Amino acid sequence: MKTLIGDSTEPTATNREVSGETLAIRGGRALQGRVDVKGAKNLVTKAMVAALLGETPSVLRDVPDISDVQVVRSLLEVHGVTVKDGEEEGTLILDPAGAVSAHFEEIDAHAGASRIPILFCGPLLHLLGEALIPDLGGCRIGDRPINFHMDALRAFGAVVDKSYEGIRITAPDGLHGANIELPYPSVGATEQVLLAAVRAKGTTELRNAAIEPEIMDLIAVLQKMGAIISYEPNRVILIEGVDSLKGYDHRAIFDRNEAASWACAALATDGDIYVGGAKQQEMLTFLNVFRKAGGDFDIYEDGIRFRRGASLKPVTVETDVHPGFMTDWQQPLIVALTQADGRSVVHETVYENRLGFTEALVQMGADIVVHPQGIDSDGRRVPRRALEQAAVINGPTPLHGADVEVPDLRGGYSYVIAALAAEGESIVRNVGIIRRGYEKFFAKLDALGADFDVIG
């Protein structure tokens, strides 16, 4: 049973007290029960920005109460957008009628470590003729260069000026359609192009675009607003600019990252977790790997039940852009693979520093070796990239409690699951990062039977 030390409430995105930053976890207990997932963080935050493009209010449903949503809400409010909670839980009403420019200091104060301000550029250029971007933060998982974004905006006719405060972007002659080919199918750069192109003059052709389900859901949002967007073969997206857009009413796609995280928790702890709201179609690639690793699952109309099969098996995984295996899925999966019978290999091809979290797992007893330059492997499907790394996991190895500090969102979740799978007590610090992407995290752990205290 969970007890709270030094606080009486679970921290939420709207409860800003400094509390619950450390967990004391007693492991060795299988997680069992049901958790429900809401809208995807990677769609909801972008759809909130898209509301700036409408001439009437927008309604966004199934919005999770996470800190990233609060950051975007604050940034919208700084820019004069009225954001209200709807009658239905998880509903936001966004009215851009009073949109105004904001100062670098205001944007920076509300953005914190988030990199979301960069996606305000297109809508603000259409609306106000100017956009400001302070220094950008984010999880310490590798470089996230903004040159893809800036190059795309320049192609639309924007002027980018750097200063000691950050970046000022203007569009003296407005934005016009462009032919853009991304060097890599970046999700963020694809979102940037979509948000800028829908009201640019003329037609935009985007080649080598990201096609993640959250991108397709953002396209659905923009189409509801009046945009004309078509998806062509071979990662090509065509956008015909329109003069004006209206608000939308949209229920966000479910968060497949959170669903996969709970699935891996069931695998690692030999548990049985029903993830309400999860859907098969968007998780096909994950489900295949989950089954190969010894997991079992049942598909239902309102969710997916995940559990461990007879034993865990080693697998070789290569992260990639959709429809490949998501980079966000590999971290919690690696925790489960420490208990697999044999040698697993995870090739991380998206971010160059995303395997650093395994150091804490080694501290807990795992046998994991990270190859900073990657390794060759028979039967690889994803072309090697200069920045890739690889982790070799030998199992099974019993995990034991340790004192660890959360490095990033998915790595932090993985530490919690490792602590729950380990024998003895672990102290997991800086868990506030986890609330960036997991709603009611402590309550969900409690509902699954985890034994932990919140210290703070």
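Check the entry above for the structure.
Residues numbered from 1 in each chain as written. Predicted model: local features only at pLDDT ≥ 70, side-chain atom pairs only at ≥ 80, totals over all residues. Heavy atoms only, no water.

Chemist: Account for the environment of N179, naming residues and giving values.
Modeler: Position of N179 relative to the elements: it lies in strand β10 (residues 179-181). Assessed through its relative accessible area of 58%, N179 is described here as exposed. Separated by 30 residues in the primary sequence, N179 and A209 place their C-alpha atoms 12 Å from one another. (Helix = DSSP H or I, 4+ residues; strand = E, 2+ residues; numbered from the N terminus. Buried < 20%, exposed > 50% of the residue type's maximum accessible area, 1.4 Å probe, protein only.)

Chemist: Which residues make up empty space enclosed by the protein, and what values go with them?
Modeler: It is the rolling of a water-molecule-sized probe over the atoms that shows where space remains empty. In this structure the tally under the stated criterion is 3 cavities of 30 Å³ or more. When its volume is computed, the largest cavity comes out at roughly 40 Å³. What lines the largest cavity is H79, V100, S101, A102, L124, L128, E130, A131 and L132. Counting residues per element, the lining of the largest cavity draws most heavily on strand β7 (residues 130-134), which supplies 3 residues. (1 Å grid on protein atoms, 1.4 Å probe; cavity = no way out; pocket = protein on both sides within 12 Å on 5 of 7 lines; lining within 4 Å. Points joined across faces, edges and corners; volume = space filled by probe spheres on them.)

Chemist: Go over unusual backbone geometry, please, and point to the residues and values.
Modeler: Cis peptide bonds are those with omega within 30 degrees of zero, and the linkage from H322 to P323 qualifies with 15°. The peptide bond linking G395 to P396 adopts the cis configuration, its omega dihedral lying at 0°. Of note, N234 is a non-glycine position whose phi angle comes to about 60°, a positive value. In this structure, N234 sits in the loop between β12 (228-232) and β13 (236-240). Take N234: its relative accessible area is 70%, and that puts it in the exposed class.

Chemist: For helix α7 (residues 213-224), give the residues involved together with the corresponding values.
Modeler: Its 12 residues give α7 an end-to-end C-alpha distance of 17 Å, which sits within 8% of 16 Å, the value for a rise of 1.5 Å per residue. When we look at burial in α7, the residues that qualify are P213, E214, I215, D217, L218, I219, V221 and L222. Among the residues trailing α7, G226 stands out with phi positive, at a value near 115°. (Expected span 1.5 Å × (residues − 1).)

Chemist: I'd like to hear about the nonpolar core, residue by residue, with values.
Modeler: Counting residues in each nonpolar core, the largest one holds 156 residues, and the members touching the most others are I169, L222, W262, M283, F286, F306 and L361. At 9 residues, the largest contribution of residues to this core is made by helix α8 (residues 256-269). Once residues lying within four places of it in the same chain are set aside, the contact partners of F286 are A260, A263, C264, F306, F325 and W329. (Core = buried A, V, L, I, M, F, W, Y, C linked by side-chain atoms within 4.5 Å. Contact = heavy atoms within 4.5 Å.)

Chemist: Quick one: what's the story with the pairing of strand β4 (residues 58-61), residue by residue and with numbers?
Modeler: Examined bridge by bridge, β4 and strand β6 (residues 92-95) share 3 bridges and lie antiparallel to one another. In the sheet register, S58 faces β6, and the bridge partner there is L94. Bridge count for β4 against strand β14 (residues 249-251) is 3 bridges, and the pairing is parallel. Within the sheet, the bridge partner assigned to L60 lies in β14 and is H250. (Pairing = 2+ DSSP bridges.)

Chemist: Account for the pattern of salt bridges, naming residues and giving values.
Modeler: Side chains that carry opposite charge are capable of pairing whenever their charged atoms lie near each other. Counted under the stated rule, the structure contains 33 salt bridges. Among the salt bridges present, the one from D451 reaches R26, with a minimum N-O distance of 3.1 Å. Of the two residues, D451 sits in strand β24 (residues 451-455) while R26 sits in strand β2 (residues 22-26), which places them 425 residues apart along the sequence. A relative accessible area of 14% means that D451 is categorised as buried. Relative accessible area serves as the criterion here: at 25%, R26 is assigned to the partly exposed category. Of the charged contacts, one joins R73 and E77 as a salt bridge, the two residues approaching to 3.5 Å between their closest N and O atoms. (Salt bridge = Lys/Arg side-chain N within 4 Å of Asp/Glu carboxyl O.)

Chemist: Break down the packing of helix α1 (residues 41-50) against helix α2 (residues 67-78) for me, citing the residues and quoting the values.
Modeler: Between α1 and α2, the least distance of the axes is 10 Å, while the angle of their chain directions is 5°. On the basis of the axis angle, α1 is roughly parallel to α2. Contacts from K41, V44, T45, M48 and V49 in α1 reach D68, V69, V72, R73 and L76 in α2. Of the residues that constitute the contact of α1 with α2, the class distribution is 6 nonpolar, 1 polar and 3 charged. (Axes fitted to C-alpha atoms, helices over the stretch in contact; angles between N-to-C directions. Parallel < 35°, antiparallel > 145°, perpendicular 65-115°, else oblique. Nonpolar A, V, L, I, M, F, W, Y, C, P; charged D, E, K, R; others polar.)

Chemist: Hey, could you go over the pairing of strand β21 (residues 389-395) for me, with residue numbers and the actual values?
Modeler: Of all 7 residues making up β21, 6 are buried, and the element is well covered by its neighbours. Alignment of strand β19 (residues 342-348) against β21, held across 7 bridges, turns out to be antiparallel. The residue bridging S344 from the neighbouring strand is I393, located in β21. Sheet topology note: the strand β20 (residues 367-371)/β21 ladder contains 5 bridges and is antiparallel. Residue H371 lies in a different strand from β21, and its bridge partner there is A390.

Chemist: Tell me about the sheet that holds β19, and name the residues and values.
Modeler: Spatial ordering of the open sheet is given by β18-β19-β21-β20, a layout of 4 strands whose pairing is mixed. Looking at which strands have only one partner, the edges of the open sheet turn out to be β18 (316-318) and β20. The average undirected angle you get between the axes of adjacent strands in this sheet is 15°.

Chemist: Just give me the short version of the sheet that holds β4, but keep the residues and values in it.
Modeler: The strands making up a sheet are joined through hydrogen bonds of the backbone, oriented either antiparallel or parallel. Pairing in this open sheet of 4 strands is mixed, and the strands run β5-β6-β4-β14 from one edge to the other. Both edges of this open sheet fall to β5 (82-85) and β14, since each of them pairs with a single strand only. On average, each strand axis in the sheet is tilted by 20° relative to the strand beside it, whichever way the strands run.

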